[in-house]
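Here is what each chain is made of, one letter per residue.
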Amino acid sequence: MTPTLTDLIDRAPWREAVTYRETWPHEYVLSRKDDQRALIEAVCARFRAGEGVRCRFFRMNNTYLFIGDYKYWLMTECDEIDFDADGDYVLNRARLYRDRRDFLIQPGDTGKPEDYPMNPPNPLSG
């Protein structure tokens, strides 16, 4: 039986991204080092099926997949991934804030819930 995306997520050896522990806490896995090619392929399949949501992290646009209590994103666009080439691809995940920050990170935001600006801009304006 083929494992589901949630099975792959549950089995993945998620590790803390230490560099951003105090600012943007998140976890990651690597395609080659952690043997997570199947998980990354499953995430890309969801993106190709139109399940990804375009969001903004400061000035950078990225596509996120929202599953359970987490949002997932790749550091490389799916169309650029070549598992036959040398290199490791990164899949990140972060717990959802369950507020507008999940869709728009803005200047002055530190990643800590208590530091979220009181009057965040409307992500649909401007």
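Quick caveat, the model's predicted, so the values are computed rather than measured.

**Student:** Can you help me understand the overall build of the protein chain in this one?
**Tutor:** Helix and strand counts for the protein chain stand at 2 helices and 7 strands. Overall, the protein chain shows an N-to-C arrangement of helices and strands of α-β-β-α-β-β-β-β-β. Expressed as a percentage of its 126 residues, the buried residues of the protein chain come to 38%. Pairs at least 24 residues apart make up 50% of the contacts formed inside the protein chain by residues separated by at least 6 positions.

**Student:** Would you mind showing me how to read the layout of surface pockets here?
**Tutor:** Rolled over the atoms, a probe with the dimensions of a water molecule shows which regions are left empty. Its volume calculated, the largest pocket comes out at about 490 Å³. Considering the residues around the largest pocket, the lining is formed by 21 residues, among which Trp24, Pro25, His26, Trp73 and Ala94 are closest to the centre. Of all elements in the fold, only β2 (27-30), β4 (60-67), β5 (70-74) and β6 (90-95) reach the threshold of two or more residues within the lining of the largest pocket. At 5 residues, β6 tops the list of elements feeding residues into the lining of the largest pocket. The residue inventory of the lining of the largest pocket, partitioned by class, reads 14 nonpolar, 3 polar and 4 charged. Volume-wise, the second largest pocket comes out at about 240 Å³. Of all elements in the fold, only α2 (37-48), β4 and β5 reach the threshold of two or more residues within the lining of the second largest pocket. Counting residues per element, the lining of the second largest pocket draws most heavily on β4, which supplies 4 residues. When its residues are assigned to classes, the lining of the second largest pocket shows 6 nonpolar, 4 polar and 3 charged.

**Student:** Help me out: how do you make sense of the sheet that holds strand β1 (residues 15-16) in this one?
**Tutor:** The strands making up a sheet associate through hydrogen bonds between their backbones, and the pairing can be parallel or antiparallel. Overall, mixed pairing links the 7 strands, which are arranged β1-β2-β6-β5-β4-β3-β7 in an open sheet. The sheet is open, and its two borders are formed by β1 and β7 (104-105), each paired with just one other strand. Sheet topology note: the β2/β6 ladder contains 4 bridges and is antiparallel. Along β6, the bridge assignment pairs Glu27 with Arg93. The sheet contacts of α2 involve β2, β4, β5 and β6, and relative to β4 the element is tilted by about 105°.

**Student:** Could you clarify how one ought to interpret the pairing of β2 in this entry?
**Tutor:** Along any regular strand, the residues point their side chains to alternate faces of the sheet. In this structure, β1 lies alongside β2, joined through 2 bridges in antiparallel fashion. Within β2, the residue paired with Arg15 across the bridge is Tyr28.

Rules behind the numbers
In this convention, every chain numbers its residues from 1, walking through the sequence in written order. Only residues with pLDDT of at least 70 are given local features in this predicted model, and only at 80 or more are side-chain atom pairs given and counted; all residues enter the totals for whole chains, interfaces and linings. Side-chain metrics in this entry use all non-hydrogen atoms of the structure; hydrogen atoms and water are not considered. In this text, helices come from DSSP runs of H or I with a minimum length of four residues, and strands from runs of E with a minimum of two, each type numbered from the N-terminal end. When a residue's accessible area, from a 1.4 Å probe over protein chains only, is under 20% of the maximum for its type it is buried; when over 50% it is exposed; and in between it is partly exposed. Here a residue-residue contact requires only that any non-hydrogen atoms of the pair lie within 4.5 Å. Cavities and pockets were defined on a 1 Å grid built from protein atoms only: a cavity is a group of points that admits a 1.4 Å probe but offers it no way out, a pocket is an open group of points flanked by protein on both sides within 12 Å along at least five of seven lines, and a lining residue is one with an atom within 4 Å of any such point. Grid points are joined across faces, edges and corners, and a volume is the space filled by probe spheres set on the points. Ten residues, namely Ala, Val, Leu, Ile, Met, Phe, Trp, Tyr, Cys and Pro, are considered nonpolar, four, namely Asp, Glu, Lys and Arg, are considered charged, and the remaining ones, Gly among them, are considered polar. Two strands make a pair as long as DSSP finds a minimum of two bridges between them. Axis lines are fitted through C-alpha atoms, for helices just across the contact stretch, and the angle between N-to-C directions can take any value from 0 to 180 degrees.

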